[in-house]
Amino acid sequence: MRLQQFEERLERLVEGTLSKPFRSNLQPIEIGRRLTREMDLHRRVGVHGLIAPNSFSVTLSPADVERFANFIDALSRELADAAREHARTEGYSFVGPVDVQVYEGSRLRPGRFVVTAEVVEGPEESPYAELVLPDGSRVALGDGPAILGRLPECDVVLGDPNVSRRHAEFRRTSDGVVVTDLGSTNGTRVNGVPVREHLLVSGDEITVGSTTLVFELS
């Protein structure tokens, strides 16, 4: 897993916040390592392979909550990304969205923390699928078709002027999730290749207009 990249992103994000003097020397990378270890410890065998926990609680001391206060939401997002990357590396799957919540534990001393992990099923019985937008936000793909385009009534709305009003459709089939171009003006590309219809695999990059999204499948 690319924990080094996780650490580098956090270092750029906090812009020196962690260099301030505190009684605790806790670093975000330590939390990331503990989280992935919990995934390994609590994985289980499912119908289609190994299932890993997808819901995490990170409890920090009051001093460390104060220390990380300016970027606690970003820390949660980065930890969730670290879990997804670890799952891809180890071949784990999830049965629901990855969620990381950070709490304060009044009895914990600075530098001490607790990570708990559990498997929480999502609302859909099919493998959990998401589109990752350029700003890092995620759109879950359910069992019904999802239309991407500029129109406000689309399921995935993009403000890109090079995207057609109804540009592409994502739908589930017995083989997986398929993206279909809906006769758009500028076309749809998967990993740089123009497509009319394409079966997606996790990590595929879908480009519509000037916007690139990433498909992730648990």
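Residues numbered from 1 in each chain as written. Predicted model: local features only at pLDDT ≥ 70, side-chain atom pairs only at ≥ 80, totals over all residues. Heavy atoms only, no water.

Draft legend 1. Representation of unusual backbone geometry. The residue asparagine 191 is not glycine, and still its phi comes out positive at about 55 degrees. Turning to its location among the elements, asparagine 191 is positioned in the loop between strand 12 (188-190) and strand 13 (193-195). (Helix = DSSP H or I, 4+ residues; strand = E, 2+ residues; numbered from the N terminus.)

Draft legend 2. Representation of the sheet that holds strand 9 (residues 156-157). Strand order in the open sheet formed by 5 strands is 9-8-10-11-14, with mixed pairing between adjacent strands. The sheet is open, and its two edges are formed by strand 9 and strand 14 (197-199), each paired on a single side. Across 3 bridges, the pairing between strand 8 (residues 146-149) and strand 10 (residues 168-172) is antiparallel. Looking at the pairing, leucine 148 lines up with alanine 168 of strand 10. (Pairing = 2+ DSSP bridges.)

Draft legend 3. Inspection of the side chain of glutamate 130 at higher detail. You can see glutamate 130 is positioned in strand 6 (residues 129-132). Accessibility expressed as a relative area gives 9% for glutamate 130, which makes it buried. Here the side chain of glutamate 130 touches arginine 138 through a polar contact of 3.0 Å, side chain to side chain. Leaving out residues up to four positions away in the same chain, glutamate 130 has contacts with Arg84, Arg138, Val139, Ala140, Val214, Phe215 and Glu216. (Buried < 20%, exposed > 50% of the residue type's maximum accessible area, 1.4 Å probe, protein only. Polar contact = N/O pair within 3.5 Å; in protein donor to acceptor, adjacent residues only side chain to side chain. Contact = heavy atoms within 4.5 Å.)

Draft legend 4. Focus on the pairing of strand 11 (residues 177-181). Burial analysis of strand 11 places 5 of its 5 residues in the buried class, the great majority of the element. Sheet analysis places strand 10 next to strand 11, joined by 5 bridges and oriented antiparallel. Each residue of the ladder has a partner; that of alanine 168, found in strand 11, is aspartate 181. In this antiparallel pair of consecutive strands, strand 10 and strand 11, the connection spans 4 residues, and glycine 176 shows a positive phi of 145 degrees. Relative to strand 14, strand 11 runs antiparallel, the two being bridged by 3 bridges. Among the inter-strand pairings, valine 179 is bridged to a residue of strand 14, identified as histidine 198.

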